[in-house]
Amino acid sequence: QANRLFYLALPPSVFKPVTSMLKAACMSPTGWTRVIVEKPFGKDSASSADLSDHLKKLFSEEQLYRIDHYLGKEMVQNLISLRFGNMIFGPTWNRDSIASVTITFKEPFGTQGRGGYFDEFGIIRDVMQNHLLQILCLAAMEKPVTTSPDDIRDEKVKVLKAIPSLSLSSCVLGQYCGDPDSDHPDARLGYLEDPTVPEGSSCPTFAAAVLKINNERWDGVPFILKCGKALNERKAEVRIQYKDVPGDIFNGSTVRNELVIRVQPDESVYVKVMTKTPGMSFNLQETELDLTYKSRYKDARLPEAYERLILDCFVGSQMHFVRSDE
C-alpha cells in the first residue's frame, strides 16, 4: 500500500493546473491520496468559490485539507476543552453574563521586505477572515454532538451563517507609518517606505471590526476582531469580558471580570477577579487566577502548529481543518 500526501505551498495562481496534474498523474493506486491546500484560498468570495468548485471536481472532501495553522495552536484547540469540559464556564457563556468578546492579533514588526506579497492581500485577508474568524467560531459555537470533525465543523458553519454582513461603520482600517525616534531600523520605516510596496498603496495593515451573531446565545454581544502589523507587542488572545455585577455593594470599586486565553506568546489561561486586599482593610483589588503553561507544565513540550496539523493529515483527522462550506 502506497499513500501519498501533497502539500500545496504554492502561489494561488498555479493551484488549478497543479491539482489537475496531480489528479491526472499522481494519485495513489493502492492507498490514500490527500492534498493540503495552504492559504490564501482565493482572493475574494468569487475566486474562493471558483477554486472550491475546481477542487470538488478532482477530489472528495475527505481528500482535501485546507490548512489554517492557527487551528493547530495549543490554546485554540483548548477552547473546546475549556468550554465543554468544565461546568464552571458553561452556564455563563452567553448574552446574559458576557458583555463582549475581543479577539486580538498583534505583531511588533512590519512587512520586512514582504510588502509585495502582503500588498496583494492586506491584513483582513491575511489574518482576520481566516485566523480570527476561526477562533470566533470555536468561541461562539454550540456544543457539538461529538468531537468528530464533521460535528464540530457543522457547529462552526452555523455560527458563520448567523453573522450578518459587515458594514463600513463597524470597521476601522489603518496603515502604519514609521517612528523616526525608534532604535530599531525596521520601525523607522513606514509601510509605504518599504521598497517592495507599490507607491501610494492604500492596503490596510491594521483592521478592527465589530461582528454580531444573530442567535439566541449571542444576540447583542459584540465580537470585536482586531489585527495589525507594526504594533507595540506580539500577542494573540481571546478576551471574554463579563458584565458588571448587579446590585453593587462596594461603592463602585469593582471592575468587570475577564477570562483571557493567551494564544501566543506564553500560552496561558487566566481569569481576572475581585478579591479583598490582604490584612485589616476591607478594600477590593483586582487579581488573577493564572494558569501559565510554562510554569504549570514545565516539562511539557508543545508541538508547533504545523507539526500537529501535518500529523493530523497523516492519520486522516480533519477536525482542525477548514471545510468547503466554511
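Nothing here was measured: the structure is a model prediction, and the numbers come from that model. (Residues numbered from 1 in each chain as written. Predicted model: local features only at pLDDT ≥ 70, side-chain atom pairs only at ≥ 80, totals over all residues. Heavy atoms only, no water.)

Draft legend 1. Seen up close, a nonpolar patch on the surface. On the surface, L311, F314 and V315 cluster together into a nonpolar patch covering about 310 Å² of accessible area. Along the chain, V315 turns up in helix α7 (residues 305–315). (Patch = residues over 30% accessible without salt bridge, like charges linked within 9 Å, V, L, I, M, F, W, Y side chains within 5 Å. Areas by Shrake-Rupley, 256 points an atom, 1.4 Å probe, with all protein chains shown as cover. Salt bridge = Lys/Arg side-chain N within 4 Å of Asp/Glu carboxyl O. Helix = DSSP H or I, 4+ residues; strand = E, 2+ residues; numbered from the N terminus.)

Draft legend 2. Inspection of the sheet that holds strand β7 (residues 223–228) at higher detail. Taken together, eight strands build an open sheet; the order of strands is β5-β6-β7-β4-β8-β9-β10-β11 and the sheet is mixed. On the outer flanks of this sheet lie β5 (171–174) and β11 (284–292), each paired with one strand and no other. Adjacent strand axes in the sheet meet at a mean angle of 15°, parallel and antiparallel pairs treated alike. Bridge count for strand β6 (residues 206–211) against β7 is six bridges, and the pairing is antiparallel. In the strand pairing of β7, A209 is matched with L225. The sheet contacts of helix α4 (residues 115–140) involve β4 (98–106), β5, β6, β7 and β8 (235–242), and relative to β7 the element is tilted by about 145°. (Pairing = 2+ DSSP bridges. Axes fitted to C-alpha atoms, helices over the stretch in contact; angles between N-to-C directions. Contact = heavy atoms within 4.5 Å.)

Draft legend 3. Region of interest: the pattern of salt bridges. Using the criterion set out here, one finds 15 salt bridges in the structure. A salt bridge links R262 to E237, with the shortest nitrogen-to-oxygen separation between them at 3.4 Å. You can see R262 sitting in strand β9 (residues 258–264) and its partner E237 sitting in strand β8, a full 25 residues away along the chain. The residues R262 and E237 share a single accessibility class, namely buried. When the shortest N-O distance is used, the salt bridge between D266 and K294 registers 3.4 Å. One end of the pair, D266, is in the loop between β9 and β10 (268–276); the other, K294, is in helix α6 (residues 293–296), with 28 residues separating them in the sequence. (Buried < 20%, exposed > 50% of the residue type's maximum accessible area, 1.4 Å probe, protein only.)

All we've got here are geometric facts, nothing functional implied.
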